[in-house]
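What the coordinates show
Here is how the chains run, residue by residue.
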Amino acid sequence: MSVLVTGGTGFIGSHTAVQLAQAGEDIVIIDNFSNSKPEVLGKLKTITGKEMRFYEGDIRDGTVLDKIFSENAIEAVIHFAGLKAVGESVEKPLEYYENNVGGTVNLLEAMKRRGCKKMIFSSSATVYGNDNPVPFVEDMSTSAINPYGWTKVMIEHILESVCASDPEFSAVLLRYFNPIGAHKSGLIGEDPQGIPNNLMPYIMKVAAGELPYLRVYGADYDTVDGTGVRDFIHVVDLADGHVAALRYARAHAGVEAVNLGTGKGTSVFELVSAVEKVTGIKIPYEVVGRRTGDIAICYADASKAKRLFEWKAKRGIEEMCEDSARWALKNKIL
Ligand code: NAD
Ligand code: UD1
């Protein structure tokens, strides 16, 4: 039996493909390269020593999905494929609903045609919205403040409904906190197109000399040093969380939302200092106004993942910064 990884050449999908292969899983990948590059496939082979079956295609295309399901015995789907830029989702909401929600419905229909009843879904801490207190616990209410966030809330509800309609279906809704870092090989990592929106890729562009300085969005929050606090998690730990979630889904039907975070908060300034320490590169910054939609503090209650999956994040902030830098600076300094 095989596991279908949608969006498997993207940032989190590629790291998960490596950890799955190393755990002995047989993997099939589908990606349309809308936000990743074909070179990743060669790198996955170099890292794992295994050729992964790959289909270039779109999850909104039922024909390609039927081809995949007929050519492979797919036991479970790990579903990463989706659009993820918050600002773009505000400008182009229909693209986000169509790709993320429409694509997922299409995928679930293809799974139904073939009797495939296990899905691990890439949700996000964004579903906790702006009003819940930290740490975020899985049974808190969910909401969103932008179309991207709503697609995650909606897909969570869709999977709940699918599980309610079919007692054999198993869905794990993995709520990621802030994934950073990269594979130790320096061969795969986050590869944002254009000017990054997220903090670590932006810091890396500054470290590489491609952008002059970091804009710190607010230093007047009620936090340790006034800057925003996030639960950064190493992408390889996150990937291992998927291996554990798959094991769980094999043994349990029904729907479970599970946080994948470390349970620890790190501020923007603390992250900048950690990058400076491990790279020896000064990161110039300027404090500017708060970014619309940002919350002050976001970190996980990570106990459910430990209880259900026997998984917890192992890698610390310095290792995350070191691995991000090795990848982003193309192995030049580490
Ligand atoms: P990514 O953009 O690197 O990977 C997504 C992959 O899906 C890309 O390779 C893209 O080409 C592919 N894709 C997009 N739409 C597709 C479609 N219709 N058909 C086939 N392939 C398609 O993003 P990522 O950071 O690896 O995120 C993976 C998932 O995790 C996404 O669903 C994202 O919303 C979610 N997530 C990410 C973060 C984060 O901080 N990176 C946080 C929370 C949740
Ligand atoms: C953002 C999204 C969130 C999404 C997540 C992963 C918003 C409001 N939230 O989360 O929905 O799930 O990315 O894609 O866009 N920061 C700076 N300067 C920068 C960039 C960021 O100071 O150039 C600060 C932010 O204000 C925040 C922290 O760094 O305090 C982390 O930001 P970011 O990496 O964008 O992640 P989130 O805001 O947590």
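Everything below is about the structure shown above.
Description of the structure in this document. (Residues numbered from 1 in each chain as written. Chains lettered and ligands numbered in written order. Predicted model: local features only at pLDDT ≥ 70, side-chain atom pairs only at ≥ 80, totals over all residues. Heavy atoms only, no water.)

For Arg175, the position within the fold is in strand E6 (residues 170-176). Here Arg175 falls in the buried class, since its relative accessible area comes to 4%. Within the structure, the side chain of Arg175 is placed 3.2 Å from the backbone oxygen of Glu138, a separation counted as a polar contact. Once residues lying within four places of it in the same chain are set aside, the contact partners of Arg175 are Ser123, Ser124, Ala125, Val127, Tyr128, Glu138, Thr142, Glu156, Ala257, Val258, Asn259 and Leu260. (Helix = DSSP H or I, 4+ residues; strand = E, 2+ residues; numbered from the N terminus. Buried < 20%, exposed > 50% of the residue type's maximum accessible area, 1.4 Å probe, protein only. Polar contact = N/O pair within 3.5 Å; in protein donor to acceptor, adjacent residues only side chain to side chain. Contact = heavy atoms within 4.5 Å.)

Our next topic: the pattern of salt bridges. One pass over the structure, following the stated rule, counts 27 salt bridges. One salt bridge in this structure joins Arg250 and Glu75, with 2.8 Å as the shortest N-O distance. With Arg250 in helix H8 (residues 235-251) and Glu75 in strand E4 (residues 74-79), the pair connects residues that are 175 residues apart, well separated along the chain. Note that Lys84 is salt-bridged to Glu190, the shortest N-O span being 3.6 Å. With Lys84 in the loop between E4 and helix H4 (86-91) and Glu190 in the loop between strand E7 (178-180) and helix H7 (199-207), this pair connects stretches of sequence that are 106 residues apart. Judged by its relative accessible area of 43%, Lys84 is partly exposed. Judged by relative accessible area, Glu190 falls into the buried class, the value being 18%. Three or more residues joined by partner-sharing salt bridges are found here, namely Lys184, Asp237, Asp240, Arg315, Glu319, Asp323 and Arg326. (Salt bridge = Lys/Arg side-chain N within 4 Å of Asp/Glu carboxyl O.)

This next bit is on the packing of aromatic side chains. Two measures describe an aromatic ring pair: the distance that separates the ring centres and the angle between the ring planes. Applying the stated criterion to the full structure yields six aromatic pairs. Feature note: the residues Tyr128, Phe136 and Phe177 constitute an aromatic cluster, connected by ring pairs. A cation over a ring is seen here: Arg290 above Tyr221, with NZ or CZ 4.0 Å from the ring centre. Seen from the ring of Trp327, Lys330 lies directly overhead, with NZ or CZ sitting 4.0 Å from the centre. (Phe/Tyr/Trp six-rings, centres within 6.5 Å; stacked < 30°, edge-to-face > 60°. Lys NZ or Arg CZ within 6 Å of the ring centre and 35° of its normal.)

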